Amino acid sequence: MADVYFIGTKGSEEADSLARKVEVLYDALDVETHIRRDSFVALKIHFGEKDNTGYIRPEWLSRLISRLTQKTRRAFFTDTNTLYVGNRSNACEHLKLARDHGFSLEALGIPVWIADGLIGRDDDEIEVDLPRVRSAKIASTFLFTDVLLCFSHFTGHILSGVGAALKNLGMGCASRAGKLEQHSDVHPWVKSKKCTLCGMCFDYCPTGAIVEEAEAAFIRDETCIGCGECLVVCPTGAIGLSWDDDKNRIQEKMAEYAFCVHNLFEGRAGYLNFLIRMTRDCDCMSKDAPSFMEDIGILASRDPVALDKASVDLVNDRAGTDIMRELQPVDWSIQLRHAAEIGLGRMEYDLKNLSPGSWD
Ligand code: SF4
Ligand code: SF4
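Residues numbered from 1 in each chain as written. Chains lettered and ligands numbered in written order. Predicted model: local features only at pLDDT ≥ 70, side-chain atom pairs only at ≥ 80, totals over all residues. Heavy atoms only, no water.

### Some words on the nonpolar core
Under the convention used in this document: To qualify as a nonpolar core, a set must consist of buried Ala, Val, Leu, Ile, Met, Phe, Trp, Tyr and Cys residues joined through side-chain atoms within 4.5 Å. Throughout, exposure labels follow a simple rule: accessible area from a 1.4 Å probe, protein chains only, divided by the maximum for the residue type, with under 20% read as buried, over 50% as exposed, and the rest as partly exposed. Only runs of H or I of at least four residues qualify as helices and only runs of E of at least two qualify as strands under DSSP, and these elements are numbered from the N terminus. Contacts: residue pairs with any heavy atoms within 4.5 Å of one another.
Membership of the largest hydrophobic core comes to 54 residues, with the highest contact counts inside it found for F142, L148, F154, V315 and M324. Broken down by element, this core gets its largest block of residues, seven residues, from helix 10 (residues 304-319). Ignoring any residue separated from it by four or fewer positions in sequence, one finds F142 in contact with A42, K44, T78, T80, A115, L148, C173, L264 and F265. Listed in part, the 39 residues of the second largest apolar core include I7, V41, I65 and F274.

Structural data, given as structure tokens:
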């Protein structure tokens, strides 16, 4: 069984209280022993799309940052560019948005870096022999990083059911080519009766695959890269999804990419999931989305599979039903089961509740 550490949080909690809890969880992970003065330590995070309000706040990590800067001069925040257009598809706009959300050298004392370069093409290929992926295209920054700390906001996700540590690792550490490879089996189409020709999907589609026809939008499959952005932004639910013969493939590829990144670190990686302000869609949504549940807390583990499984279990237990399956029409368990099968981690875990009494 893998150890998963948990500390509960409340909705109105002060940032410093959350920062103290993060520090306790960081200590429980015991990754600091791997950090030397010249170690590159990547703090992998999602900076949040413009106008998104669910993203992990830098203030919650302030105490952790202080600890890191005492150990190394080379800690940095990082994320990769997105496939879709928006404010995170290139390093220039991505860094400006990160700064607007409080992530900057000036504000935090550590730099912010886009892991796959100016336009998402800085990657290295890792040869693997996995069922879905033979050559993973990973953002090159991670190949030169000594220690990885991966912070994931637990949310639903339109393509993977759940977005947490595995998605942050597998999709979030892949370069543009790697993301394209993972999305290549997804084929959206427009339900013409529901389409109001509002034009939202035209604006967000990164490849211009959506065209206006007489009564509805139409998606040209040969131009579509399967990023899924149109599904998320359509206000009327007019976009349906069809898959190649195996609709599990995107989650399985994602798990295999996560396997590649995790294995780069050989035990020098720690993962934290934030079950705070949990939303139906991920932080790529450019809006203030409502939470589907009260805050639960923060979890940490060195095993990303056990961490995500424990996170889903806590959410579903609180709901009394498989709420993640009800929020999104996707079986979230595929990514976890496949990740366990290929040896990325374990589904079985021992949840260790680090009660406030142990650190107050
Ligand atoms: S049509 Fe294809 S490429 Fe365009 S937003 Fe939708 S999924 Fe992405
Ligand atoms: S976003 Fe939806 S309703 Fe608007 S044009 Fe696209 S498919 Fe039609």
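### Observations concerning the site of ligand 2
Short version of the rule: Here a residue is near a molecule or strand as soon as one of its heavy atoms is found within 4 Å of it. All residues other than Ala, Val, Leu, Ile, Met, Phe, Trp, Tyr, Cys, Pro, Asp, Glu, Lys and Arg, Gly among them, are scored as polar; the first ten of these are nonpolar and the last four charged.
Taken together, C195, T196, L197, C198, G199, M200, C201, C234, P235, T236, A238 and I239 form the complete shell of residues around ligand 2. Partitioning the shell around ligand 2 into residue classes produces nine nonpolar, three polar and no charged.

### A short note on unusual backbone geometry
What you tend to see is this: most non-glycine residues have negative phi, and most peptide bonds are trans. You will see that L197, though not glycine, has its phi angle at about 55 degrees, which is positive. Relative to the helices and strands, L197 is located in the loop between strand 10 (186-190) and helix 7 (200-204). Its identity as a non-glycine residue notwithstanding, E266 has a phi of 45 degrees, on the positive side. As for its placement among the helices and strands, E266 is situated in the loop between helix 9 (249-264) and strand 14 (269-275).

### Some points on the pairing of strand 14
Spelled out, the test is: The criterion for strand pairing is that DSSP finds at least two bridges linking the strands in question.
Burial of strand 14 is extensive: seven of the seven residues sit out of reach of the surface. Side chains of strand 14 alternate between two faces, with A269, Y271, N273 and L275 and G270, L272 and F274 buried alike. Pairing between strand 7 (residues 147-153) and strand 14: six bridges, direction parallel. For F151, the partnering residue across the bridge sits in strand 14 and is L272. Pairing analysis gives five bridges linking strand 14 to strand 15 (residues 297-301), with the strands arranged antiparallel. In the sheet register, Y271 faces strand 15, and the bridge partner there is S301.

### Here we look at the pattern of salt bridges
Cut-off, in case you're wondering: Note on definitions: salt bridges are taken to be side-chain nitrogens of Lys or Arg within 4 Å of carboxyl oxygens of Asp or Glu.
As enumerated under the stated definition, the model contains 22 salt bridges in all. The shortest N-O distance in the salt bridge between R67 and D27 comes to 2.5 Å. Of this pair, R67 sits in helix 2 (residues 62-71) while D27 sits in helix 1 (residues 15-29), and the two are 40 residues apart along the sequence. Three or more residues are tied together by salt bridges with common partners; here these are D16, E23, D27, E32, R63 and R67.

### Considering the site of ligand 1
P188, C205, P206, T207, I210, I219, C224, I225, G226, C227, G228 and C230 make up every residue found near ligand 1. When grouped by side-chain class, the residues that make up the shell around ligand 1 number nine nonpolar, three polar and no charged.

### Considering the packing of aromatic side chains
Note the following rule: Two rings from Phe, Tyr or Trp (for Trp, the six-membered ring) form a pair when their centres sit within 6.5 Å of each other. Planes less than 30 degrees apart are called stacked, planes more than 60 degrees apart edge-to-face, and all others tilted. We call a charge positioned above a ring when the Lys NZ or Arg CZ atom is no farther than 6 Å from the ring centre and deviates by at most 35 degrees from the ring normal.
On inspection of all chains with the given rule, the structure shows four aromatic pairs. Ring pairs connect the aromatic residues F47, F77 and F103, which therefore count as one cluster. It is R57 that lies over the ring of Y55; its NZ or CZ is 4.1 Å from the centre. Over the face of the ring belonging to F40 we find R74, whose NZ or CZ atom lies 4.9 Å from the ring centre.

### Some points on helix 2
Note the cut-off: Think of the arc as the fan of directions from the helix axis to the C-beta atoms.
Within helix 2, the full set of buried residues consists of L64, I65, R67 and L68. The buried residues of helix 2 all sit within an arc of 160 degrees when viewed along its axis, so they share a single face. Buried residues belonging to helix 2 abut helix 1, strand 2 (41-44), strand 3 (75-79), helix 4 (105-108) and strand 7.

### Things to note about the sheet that holds strand 15
Under the convention used in this document: To obtain an axis, a line is fitted to C-alpha atoms, over the contacting stretch when the element is a helix, and the angle between two such axes runs from 0 to 180 degrees between their N-to-C directions.
The strand order across the open sheet formed by eight strands is 4-3-2-7-14-15-1-16, and the pairing between neighbours is mixed. Across the chains shown, the open sheet's two edge strands, defined by having one partner strand only, are strand 4 (112-114) and strand 16 (349-353). Averaged over all neighbouring strand pairs, the angle between strand axes comes to 25 degrees, with direction disregarded. With four bridges joining them, strand 2 and strand 3 adopt parallel strand pairing. Directly across from K44, in strand 3, lies its bridge partner T78. Sitting on the sheet, helix 10 touches strand 1 (2-8), strand 14, strand 15 and strand 16, and the angle it makes with strand 14 is about 15 degrees.

### Examining the domain arrangement of the protein chain
Threshold: Residue ranges for the domains trace back to a domain assignment, done automatically or taken from a database. What counts as buried area is the accessible surface, traced by a 1.4 Å probe, that two parts surrender upon association, with contributions from both included.
Segmenting the protein chain into domains produces domain 1 (2-180 + 248-358) and domain 2 (186-243). At the junction of the two partners, domain 1 supplies nine residues and domain 2 supplies 14 residues. Buried surface at the junction of domain 1 and domain 2, both sides included, amounts to about 1,100 Å², of which 78% is carbon and sulfur. Among the residues of domain 1 in contact with domain 2, V85, I158 and L159 are the three that bury the most area, contributing 42% of the side total.

### Considering the side chain of N168
Looking at the element boundaries, N168 is found in helix 5 (residues 165-170). Of the residues examined, N168 reaches a relative accessible area of 10% and is grouped as buried. Those residues in contact with N168 that lie beyond four places of it in its chain are K44, C150, F151, S152 and C173.

### Here's the deal with the packing of helix 1 against helix 2
As a reminder, the rule being used: Put simply, angles under 35 degrees are roughly parallel, angles over 145 are roughly antiparallel, angles from 65 to 115 are roughly perpendicular, and the rest are oblique.
Between helix 1 and helix 2, the least distance of the axes is 7 Å, while the angle of their chain directions is 50 degrees. The orientation of helix 1 with respect to helix 2, classified from their angle, is oblique. Contacts between helix 1 and helix 2 involve D16, A19, R20, V22, E23, Y26 and D27 from the former and S62, R63, L64, R67 and L68 from the latter.

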